[in-house]
Structure formats: structure tokens, C-alpha cells
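Structural characterization, general
One letter stands for each residue in the lines below.
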Amino acid sequence: MDERFRLSAERALAPIGRFDRTTAEADLEIAFLSIAADRKIDEVEVEAFAHVGARLVGEGEEKLGDHEVNAWLDHFTERLNASNLQERISEVAGSLAIDDARLAAYRISFFLGIVDLDASDREFEFDLELISALHLDQDTADRITAEVNEAITPPEE
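Below, the structure is looked at part by part. This one's a predicted model, so the numbers in the text were calculated from it and none came from an experiment.

1. What about the packing of helix α2 (residues 21-36) against helix α3 (residues 43-57)?
As a packed pair, α2 and α3 sit with axes 10 Å apart at the nearest point and diverge in direction by 170 degrees. Here α2 lies roughly antiparallel to α3, going by the angle between them. Between α2 and α3, the contacting residues are R21, A24, E25, D27, L28, A31, F32 and I35 on the first element and E45, F49, V52, G53, L56 and V57 on the second. Split into classes, the residues belonging to the contact of α2 with α3 amount to nine nonpolar, one polar and four charged.

Take a look at the structure:
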């Protein structure tokens with residue numbers, strides 16, 4: 001991840017606070033589901049997931065190490081293989097009782113959904129399902145997407 005991207009990620013994710021381990025892991029699973037929604041996970045998404053993971057469950061490092069990232073990806077893949085995407089979205093989103101955790105989940109999901117610059121119908125459908133599962137109104141979702149877009153857009157020089 002180049003320096004410009006790292007700074008953009010930090011700006012996009014800055015409003016996310018700290019959560020207990022269970023809540024942080026649920027937000028991290030939603031992060032995984034957002035990159036898995038289009039049924040392909042590329043290197044940029046894995047790199048961004050490592051950065052998000054460090055923010056949620058890390059011990060102060062900038063990003064999770066490859067071994068830890070792979071362990072989380074394998075863990076969440078097993079959960080997804082045992083059910084379907086819609087079931088996992090509903091179950092995980094339903095476990096987030098704190099408003100800030102639901103807002104963080106959507107912020108992270110939207111950020112990871114656009115990080116590869118490859119929008120798909122599956123990602124769009126995932127986004128709509130997640131908004132519903134998190135019980136967010138469209139104005140809130142629009143505000144978050146605008147904030148993330150602004151954070152990752154390079155300043156004009």
C-alpha cells in the first residue's frame with residue numbers, strides 16, 4: 001500500500017472508535033464479507049483488510065501481518081461456506097447492538113468495496129443488503145459514503 005493510499009485509509013477510517021473484542025470481530029467479519037461479495041478478493045483488498053484489521057483487532061500496529069490476515073480470511077471463509085452471504089450479513093449485522101459499531105461497519109464496508117476500483121452488481125446488492133441489515137437510513141448511508149469518498153479523493157494540487 002503506497003503512502004498516499006495509507007493516508008487516505010487513515011482519513012476514511014478515522015471516525016471509527018474502539019470496541020470490545022466481540023464487536024470488533026463482528027465489524028471485521030463485515031469487512032471480509034464486503035471484499036468477498038463479488039466472489040473475488042484481490043491483493044489491494046487484502047492489503048486494505050490488513051489495515052482495517054489492525055484498526056479493529058490489532059495491537060497498535062499499522063496493519064496486521066500476513067499470517068494473521070490469512071488466519072482471519074480463512075476463519076471468515078469457513079463461516080461463509082457454512083451458510084450463505086445473506087445469512088452471514090443478517091447474523092453479523094444483527095449482533096451489532098451499538099450504533100457506533102453499525103456505523104463503523106458500514107464505513108469500513110463502503111471503504112473496502114471501493115478500494116479495488118472495480119464496482120460490480122454483487123457489491124451493489126451487498127451494499128443495499130448491509131444498509132438494511134444494519135438498520136441504517138439512506139441519509140446516514142449517503143453521509144458515510146460522501147465522507148469516505150472525500151477522504152480517499154486526492155486533494156487537488
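2. Here's the deal with the environment of A133
As for its placement among the helices and strands, A133 is situated in helix α7 (residues 121-133). On the basis of relative accessibility, which here comes to 16%, the residue A133 falls in the buried class. Distance in space between the C-alpha atoms of A133 and D100 is 15 Å, their sequence separation being 33 residues. Not counting chain neighbours up to four residues away, the residues in contact with A133 comprise I89, S90 and A93.

3. A few points about helix α6 (residues 99-114)
The end-to-end C-alpha distance of α6 is 23 Å, a good match for the 22 Å that 16 residues give at a rise of 1.5 Å each. Taken across its 16 residues, α6 has twelve buried, putting it largely inside the fold. Listing the buried residues of α6 in full gives A101, R102, A104, A105, Y106, R107, I108, S109, F110, F111, L112 and G113.

4. Topic: the nonpolar core
Judged by nonpolar contacts, the single largest core of 52 residues is most densely connected at L28, F49, V52, Y106, F111 and L134. Elements with a contribution of two residues or more to this core: α1 (3-13), α2, α3, α4 (66-81), α5 (85-94), α6, α7 and α8 (138-152). The element that contributes the greatest number of residues to this core is α2, accounting for nine residues.

Each value, and the rule that gives it
- Residues numbered from 1 in each chain as written.
- Predicted model: local features only at pLDDT ≥ 70, side-chain atom pairs only at ≥ 80, totals over all residues.
- Heavy atoms only, no water.
- Axes fitted to C-alpha atoms, helices over the stretch in contact; angles between N-to-C directions.
- Helix = DSSP H or I, 4+ residues; strand = E, 2+ residues; numbered from the N terminus.
- Parallel < 35°, antiparallel > 145°, perpendicular 65-115°, else oblique.
- Contact = heavy atoms within 4.5 Å.
- Nonpolar A, V, L, I, M, F, W, Y, C, P; charged D, E, K, R; others polar.
- Buried < 20%, exposed > 50% of the residue type's maximum accessible area, 1.4 Å probe, protein only.
- Expected span 1.5 Å × (residues − 1).
- Core = buried A, V, L, I, M, F, W, Y, C linked by side-chain atoms within 4.5 Å.

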